[in-house]
Amino acid sequence: MFNICRHISKLHPNNIRSSSFLLSFRNMSSNYLNTSDSGSTDLNLNAAEKLEKHCFARFDDIEKSPQDVREYRGLHLQNGMKVLLISDINTDLSAAALSVQVGHMSDPDYLPGLAHFCEHMLFLGTEKYPDENGYTTYLSQNGGSSNAATYSLMTKYHFNVAPDKLDGALDRFAQFFIAPLFTSSATDREINAVNSEYEKNLSSDLWRVKQVHHHLAKRSHPYSKFGSGNKSTLCDIPKSKNINVRDELLSFHKKWYSANIMYLSVIGKESLNELEEMVVGKFLEIENKNVVLPDWSRHPYDDEKYGLKVMILPIKDVRSLTISFTTDDLTKFYKSAPDSYLTHLIGHEGKGSLLAELRKLGWCNDLLAGCQNILNAFGFFDIVVNLTQEGMNHIDDVINIIFQYIQLLRQEEPKKWIFDECCNINEMRFRFKDKEQPDTLVQNAVTAMQIYPLEQVLSAPYLTKEWRPDLIIDLLTELVPSKCRIILVSQSFQEVTTETEPYFKTNYGTEKINAETIKEWENCLLNKNLALPLPNAFIPDNFEIVPLDTDFCKHPIIILDTPILRVWHKQDDQYLKPKACMAFDFSNPIAYVDPLNCNLNQLMVELLKDQLSEYLYDAVLAGLKLQLTPKSTGIEFAISGYNDKQVVLLEKLLDHLFDFDVNEKRFEIIKEEYTRTLKNFKAEQPFQHSIYYLALILTENAWSNNELLDALELVTHERVLNYAKKFFDRLHTECFIYGNVTKQHASNISVIVNKKLESTNSKLLPLLARQMLKKREYKLFNGDSYLFENDHKYHKCSCVQLYFQCGAQSDKMNIMVNLVSQILTEPCYDCLRTKEQLGYIVLSSNRKVNGAVGLRIIVQSTKHPSFVEDRIENFLENFLKSIENMSIEEFERHKDALAVKKLEKPKTIFQQYKKFLNEIALAQYHFERNEAEVIILRKIGREEFVQFFKNCISRNGMERRVLSVHIISQQFGVDIETAEDKLITNMDHHTKITDLAQFKSSKELYSIALPYLDIKAKGARSKL
């Protein structure tokens, strides 16, 4: 995977300022791994002495969060590699990540994309493990997965695996960096995968805009390189110049993949000593080539590229303004973080902020500020504004206001109280930091290790302690009009975008900003509507962990149930953080009765979020999050974070909900933005369209985007206000409160909500239970085989999704389909992507929704969907043979791997809350679902599994029910390369779906799974 993200964000402790916007030792390893008690003391001492000899330095004083129970150790190996070891005896997943400080800026000028190609190739066999899919197969069979990404100055590899399989996974992983094969056959094939990845992104505005930035850089500067690569740059052009790409890969790996610029992090259940033995025994063999990192130029752009407007024509209907300043690499100032101070203020959303002023004028919907640092080179300080239609008519005025705010920051000078407040918030976050997922933890670590001392690798992103106003002032001197680049993205630039970027064919144009305008911005007056933020009132004061209730329960219980309000509660006894989560599901059947009401419901929610944004921003900074979401049943809002001030936020939100009112100008702006969002869906990836159409076809009641767009003609300001009044006048609320909250406190919260509900007609005429029934799925009959086709003109690739509907949800059916997916996923990817090179996106997974469960395979390809579907069917035939011949041992390994995934425990309060909430929202209340499914999994035999696959998935299965969705590209035509492709006629057995109403009227519906607990449906009882 090639990563292009430029880091745009507000002040946040997790924003690690990084380069992206992020002699054989094998024979000795047996001594190191001998931890048996039967071994002699002398042998153990000998191993310890050898370990000491191979470690240049050891750090056992890694600064960590006070509540972090994991153990950490830093190592500096003799070969120059830096290592962070993490021991967690309770981990249910082990993981490792390795970053090497080389990326696409080190590509040879004559081979764009070589670093990215090298990343792909390392997965495809090593001297010790030559099988191309040996690494991924090992991980898949042991509950794991892997990935990698190439950045400007870094390439990062990572995996996770079952804890008792870490040693084998690490051994395979280490060989990537010791002796990769780069076989000729794999090299030739994998170029197609890199090209497919490139083609997938051809119509992505994110990629297109980014490549224009590179294209406009100095030709002599490495920042100008095309990092992704494609078939032309990695195959066709090199061949024409007699360049052997495989030789270049070997040369690149030999030159750059050196231990002294590598950073490794490993988490496992083993002790630190055992992990150290494991790592030293495998990674010390990586050669130290004493690589000296390049001295990158501070100036990626020529002088004439500043004071310049760049207009870019996007694929989607989007409108953005970016003011970009080139800066030094500021990572060296991580202890004082001057960039974070400024991004916090410029990106603020509260009263007196830039965003508040621009929203009030109707010129902007959103604003972000952030700094991307290219490590040891340069950086970009960017301010990004999401413009309204009216804002497009006031671009220079918007820019002027931004410079007015920057001028305010200069005049006010840096404020220590603002810096201290941010430091206090970050210290609080570090103190009560949630336990990270193993994979996330090691990935973050190997990026942070490039920036911070090993002892501070966990704490430095949070603990900014040095007050350096001089650095803030210095950075402000760089944020001047003459030193900025202004990037404008809009479809209104059709006439002025006369130049073309060569790789993505993006149309763009440039225009020098006249000197008079620059002078006006430089000498802009202060704006009386702009001000620094006030002290944050949402910062919590009380961090007390409340005592457990005497009648504490293991699972959520109902503490209040009336015809208009049901309240669930569960006090946390695992994570012991001063945090809580609460969700409120407001149901009213009018929300989805037709496309018009669906639009009104959506707009009501968007307007509420817009209305509350100023008030909520301080809460977000202080670790209190509000999510407001439209649903087909109504709306849901959730509050999560520190529990101290949650009730204050809840009361404010309820007042806005039950007394809904909105400015008509903001309504028009939000409606226009919503309209564009619906229209822009047509430019999404083909695989996303296949998922959308499958849901549209099979869901009991679903409105299409086109139906919603048609209904928008009737949406007015008055209609939204009337809808809101009707919605809140009669509804049912289901609430779940979880975390550092006693039952009594939860009851007090329910009183606040109930008081609002009783002031409406909900009390007089409660909603009936049958007015709130769940959506259901249409049921295909045994032998059904349907095909739905739709054209797509925005991407070169087409897509096929083959969906096998297996039956109604139950513990047995769910786990059986999970097991099919577990065993099938890796060989499916290996066959269809790695070997047959059908496309970059190859996905297989279970689909469990609306009472039904099934298996789906998705392939996005330049080949015609009918050909690709035939290849999928061919793979399934061969897969059946492989599982028929599969050994009992291999089958059991897959069961164990699936059990590992199912039994992985939530790592945070929020994850546990989401798991409980999902069961409540489904009204199934199966709070130990995973454990129950694993019990069934243990009893499934190979023959039963094979028979299930034959019945439900195989081409001639008696219970096979198939819906195939073809998204057919019209942009460049389809890739018909061979006579074999042209002869494909395998679609004749499908019945085409051309009329959705006719299809749905001919089908039954699955029943919704009955609740696991004997709990009646929410709402009033029917009077019969």
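Everything quoted here is computed from the prediction, not taken from an experiment.

The helix and strand tally for the protein stands at 33 helices and 28 strands. When the backbone C-alpha atoms are referred to their principal axes, the protein occupies close to 85 × 80 × 70 Å. When each of the 1024 residues of the protein is scored for burial, the buried share is 60%. Summed over all atoms, the accessible surface of the protein reaches about 40,800 Å², with 50% contributed by carbon and sulfur. Treating the 120 positive side-chain charges of the protein as one cloud and the 134 negative ones as another, the clouds have centres 2 Å apart.

This brings us to the packing of helix 26 (residues 811-835) against helix 28 (residues 888-902). Close contact between helix 26 and helix 28 brings their axes to 10 Å; oriented N to C, the two are set at 115 degrees. Relative to helix 28, the element helix 26 is oriented roughly perpendicular. Read as a crossing pair, helix 26 and helix 28 show a hand that is right-handed. Residue-level inspection shows I815, N818, L819, Q822 and I823 of helix 26 in contact with helix 28, the latter providing F891, H894, K895, A897, L898, K901 and K902. Along the lines of polarity and charge, the residues of the contact of helix 26 with helix 28 split into six nonpolar, three polar and three charged.

Before going further, it helps to spend a moment on the nonpolar core. One finds F584, F586, M604, F637, L657, F727 and L963 to be the most contacted residues of the largest nonpolar core, which totals 78 residues. Looking at this core, the element that brings in the most residues is helix 19 (residues 595-621), giving eleven residues. Among the nonpolar cores identified, the runner-up in size contains 59 residues, and F159, F182, C235 and Y257 belong to it.

Moving on, we come to the pattern of salt bridges. Using the criterion set out here, one finds 55 salt bridges in the structure. One salt bridge connects D610 with R359, and the closest N-O pair in it is separated by 3.8 Å. Residue D610 is located in helix 19, and its partner R359 is located in helix 12 (residues 354-360); the two are separated by 251 residues in the primary sequence. Each of the two residues, D610 as well as R359, counts as buried. The partner of D434 in a salt bridge is K579, and the shortest N-O contact between them spans 3.2 Å. Here D434, found in the loop between helix 15 (416-431) and helix 16 (438-448), pairs with K579, found in strand 17 (residues 579-587); they are 145 residues apart in sequence, far enough to count as distant. Classification of D434 by relative accessible area gives partly exposed; the value is 30%. Connected via shared salt-bridge partners are D561, R566, D585, K631, E636, E734 and K1018.

A few words on the state of the cysteines. All told, the structure shown has zero disulfides when counted by the stated rule. No disulfide involves C828; its sulfur sits 7.4 Å from the nearest other cysteine sulfur, which is in C831. Sulfur of C952: no disulfide; nearest cysteine sulfur belongs to C806 and is 5.0 Å away. Given a relative accessible area of 2%, C952 falls into the buried group.

So, about the pairing of strand 19 (residues 634-642). Of all nine residues in strand 19, nine are buried, a share of seventy percent or more. By the bridge criterion, nine bridges tie strand 17 to strand 19 in an arrangement that is antiparallel. Note that in strand 19 the partner of F586 across the bridge is I635. In the sheet, strand 18 (residues 624-631) pairs with strand 19 via eight bridges, with the strands oriented antiparallel. Residue pairing in the sheet places L628 in a bridge with F637 of strand 19. Counting the residues in the hairpin turn of strand 18 and strand 19 gives two residues.

The subject of this paragraph is the confidence of the model for the protein. Per-residue confidence for the protein gives a mean pLDDT of 92; residues scoring 70 or more make up 93%. Residue range residues 4-45 is modelled with pLDDT below 50. Its contacts to residues more than four positions away, or to other chains, number 108 contacts. A low-confidence stretch, residues 976-983 (pLDDT under 50), is modelled with seven contacts involving residues beyond four sequence positions or located in other chains.

Before going further, it helps to spend a moment on the environment of Y803. Position of Y803 relative to the elements: it lies in strand 23 (residues 798-808). Judged by its relative accessible area of 0%, Y803 is buried. Sequence spacing of Y803 and H745 is 58 residues, and the spatial spacing of their C-alpha atoms is 47 Å. Setting aside chain neighbours within four positions, we find Y803 in contact with L694, L698, E777, R847, V853, G854, L855, R856, R961, V962 and L963.

The end-to-end C-alpha separation of helix 6 (residues 184-200) is 25 Å, in line with the 24 Å expected for 17 residues at 1.5 Å each. The element helix 6 is largely enclosed, with a buried count of 13 among its 17 residues.

Now for the environment of F879. Mapped onto the secondary structure, F879 falls in helix 27 (residues 865-884). Spatially, the C-alpha atom of F879 lies 34 Å from that of I267, the residues being 612 residues apart in sequence. Setting aside chain neighbours within four positions, we find F879 in contact with I823, L824, P827 and F949.

Another aspect to go through is the packing of aromatic side chains. Inspection of the entire model under this criterion finds 59 aromatic pairs. On the numbers, 5.4 Å between centres and 75 degrees between planes, the contact of Y157 with F177 is edge-to-face. With Y157 in strand 6 (residues 155-161) and F177 in the loop between helix 5 (166-174) and helix 6, this pair connects stretches of sequence that are 20 residues apart. The class for Y157 is buried, based on a relative accessible area of 0%. When the centroid spacing of 5.6 Å and the interplanar angle of 40 degrees are considered together, the rings of F910 and Y913 count as tilted.

The next point concerns the packing of helix 19 against helix 24 (residues 717-729). Remark: helix 19 packs on helix 24, axes separated minimally by 9 Å, with the N-to-C direction vectors making an angle of 90 degrees. Viewed along their axes, helix 19 and helix 24 adopt a mutual orientation that is roughly perpendicular. Of the residues in helix 24, those touching helix 19 at L596, N597, L600, N601, L603, M604 and L607 are R719, V720, Y723, A724, F727 and F728. Residues that form the contact of helix 19 with helix 24 fall into these classes: ten nonpolar, two polar and one charged.

Turning our eyes to something else, we now look at unusual backbone geometry. The phi dihedral of N242 is positive, around 60 degrees, even though this residue is not glycine. Here N242 lies in the loop between helix 8 (231-240) and helix 9 (245-256). In the Ramachandran plot, L576 falls in the positive-phi region, its phi being about 50 degrees despite a non-glycine side chain. Mapped onto the elements of the fold, L576 is located in the loop between strand 16 (565-571) and strand 17.

The element strand 4 (residues 94-100) is extensively covered by neighbouring structure, given that seven of its seven residues are classed as buried. Burial along strand 4 is two-sided: the face carrying S94, A96, L98 and V100 and the face carrying A95, A97 and S99 are both buried. Judged from the seven bridges that link them, strand 4 and strand 6 form a sheet pairing that is antiparallel. Within the sheet, the bridge partner assigned to V100 lies in strand 6 and is T155. Here six bridges tie strand 4 to strand 7 (residues 262-268), and the two strands are oriented antiparallel to one another. Looking at the pairing, V100 lines up with M262 of strand 7.

What counts and what doesn't
- In every chain, residue numbers begin from 1 and rise along the written sequence.
- Residue-level local features of this predicted model are given only where pLDDT is at least 70; pairs of side-chain atoms are given and counted only at 80 or more, and the full residue set underlies all totals for whole chains, interfaces and linings.
- Hydrogen atoms and water are omitted, and side-chain values are computed over all heavy atoms in the structure.
- The numbering of helices and of strands both runs from the N terminus, where a helix is a DSSP run of H or I of at least 4 residues and a strand a run of E of at least 2.
- Type-normalised accessible area, obtained with a 1.4 Å probe on protein chains alone, sets the label of each residue: buried when under 20%, exposed when over 50%, and partly exposed for intermediate values.
- Residue burial considers only the protein chains on display, and all accessible areas are found by Shrake-Rupley using a 1.4 Å probe.
- We score Asp and Glu as negative and Lys and Arg as positive, and we do not count His or the chain ends.
- Taken as the charge location is NZ of Lys, CZ of Arg, CG of Asp or CD of Glu.
- With axes taken as lines fitted to C-alpha atoms, and helix axes fitted only over the stretch in contact, angles between N-to-C directions fall between 0 and 180 degrees.
- When an angle is under 35 degrees it counts as roughly parallel; over 145 it counts as roughly antiparallel; between 65 and 115 it counts as roughly perpendicular; any other value is oblique.
- For a crossing to be left-handed, the near helix must be turned anticlockwise from the far one by less than a right angle; the clockwise case is right-handed.
- Contacts are assigned to residue pairs with any non-hydrogen atoms lying within 4.5 Å of each other.
- Under this grouping Gly is polar, as are all residues other than the nonpolar Ala, Val, Leu, Ile, Met, Phe, Trp, Tyr, Cys and Pro and the charged Asp, Glu, Lys and Arg.
- Put simply, a nonpolar core is a bunch of buried Ala, Val, Leu, Ile, Met, Phe, Trp, Tyr and Cys residues held in one set by side-chain atoms that sit within 4.5 Å of each other.
- Should a side-chain nitrogen of Lys or Arg be within 4 Å of a carboxyl oxygen of Asp or Glu, the pair is scored as a salt bridge.
- In this description, the term disulfide denotes a pair of cysteine sulfurs within 2.5 Å.
- When DSSP finds two or more bridges between two strands, those strands count as paired.
- Confidence scores labelled pLDDT are given residue by residue by the predictor and lie between 0 and 100.
- Any helix carries an expected span of 1.5 Å times its number of residues minus one.
- Aromatic pairing here means that ring centres of Phe, Tyr or Trp (its six-membered ring) are within 6.5 Å. Orientation follows from the plane angle: under 30 degrees is stacked, over 60 is edge-to-face, and everything else is tilted.

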